[in-house]
Amino acid sequence: MAGAAVPNIAKVLARVVVDDLDKAIPLYQALSGAEEVQKFGHGPVKLASVGPFLLLRAEGAEGYTDRTATILVFDVAPVVRDIELAGGEIIEGPSAGPNGERLVARHPDGSVFEYIAVPNG
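Residues numbered from 1 in each chain as written. Predicted model: local features only at pLDDT ≥ 70, side-chain atom pairs only at ≥ 80, totals over all residues. Heavy atoms only, no water.

In the nomenclature of an unreviewed UniProt entry, the protein chain is known as VOC family protein of Amycolatopsis balhimycina DSM 5908.

**Describing the packing of aromatic side chains**
Spelled out, the test is: Pairs were defined over the aromatic rings of Phe, Tyr and Trp, the Trp ring being its six-membered one, requiring ring centres within 6.5 Å. Orientation was assigned from the angle between planes: stacked under 30 degrees, edge-to-face over 60, tilted for the rest. Put simply, DSSP H or I for four residues or longer makes a helix, DSSP E for two residues or longer makes a strand, and each gets a number counted from the N terminus. Relative accessibility under 20% of the residue-type maximum defines a buried residue, over 50% an exposed one, and the middle range a partly exposed one, all with a 1.4 Å probe and only protein chains included.
Under the definition given, this model contains 2 aromatic pairs. When the ring of Tyr28 is compared with that of Phe53, the centres are 4.8 Å apart and the planes differ by 65°; the resulting orientation is edge-to-face. Taken together, the residues span a long stretch of sequence, with Tyr28 in helix H1 (residues 21–32) and Phe53 in strand E4 (residues 53–57) at a distance of 25 residues. With relative accessibility at 18%, the residue Phe53 sits in the buried group. Considering the side-chain rings of Phe113 and Tyr115, the 6.4 Å spacing of their centres and the 45° angle between planes classify their relative orientation as tilted. The exposure class of Phe113 is buried, given its relative accessible area of 14%.

**Notes on the pattern of salt bridges**
To be explicit about the condition: The rule for a salt bridge is simple: a side-chain nitrogen of Lys or Arg has to be within 4 Å of a carboxyl oxygen of Asp or Glu.
With the rule as written, the count across this model stands at 8 salt bridges. One network of salt bridges, in which partners are shared, links Arg15, Asp66, Arg67, Glu92, Arg102 and Glu114.

**Points about the nonpolar core**
What counts, and what does not: As used in this record, nonpolar core signifies buried Ala, Val, Leu, Ile, Met, Phe, Trp, Tyr and Cys residues forming a set joined through side-chain atoms within 4.5 Å. Residue contacts follow a heavy-atom distance rule, with two residues in contact if any of their heavy atoms lie within 4.5 Å.
If you look at the biggest cluster of nonpolar residues, it comprises 12 residues: Ala69, Ile71, Val73, Val76, Val79, Val80, Ile83, Leu103, Ala105, Phe113, Tyr115 and Ala117. Within the residue set of this core, elements represented by two or more residues are strand E5 (67–73), helix H2 (76–85), strand E7 (100–106) and strand E8 (112–117). By residue number, the principal contributor to this core is H2, which donates 4 residues. If near-sequence neighbours (up to four positions away) are discounted, Ile71 is found in contact with Ile9, Lys11, Val12, Phe113, Glu114, Tyr115 and Ile116.

**Overview of the side chain of His107**
Within the secondary structure, His107 is located in the loop between E7 and E8. Accessibility expressed as a relative area gives 19% for His107, which makes it buried.

Structure follows, in structure tokens:
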């Protein structure tokens, strides 16, 4: 089995494209019970992290809607290794992002995921 013996995935975020971040946030807070909301931008897209949801404002998000999910990992190096060994492709990165080192990869089955490194702790 490929991969590290220690789990590398910290969290999986469902990606949701919305018309208005501020109007959408209260529902996703209620659904998840999350009190904390982190708003940030990456290039033309405006985002909000609400519990297990990653909300993307529709205007400007066109180039970011092909991802199946955003996966928070402790280290992107094993992700690169495992995807390449499986016959997948690194589409973008690894490179610095607003919340940590990130990459976008196409798995051999064609699905596209964004991976973001988070502190292990």
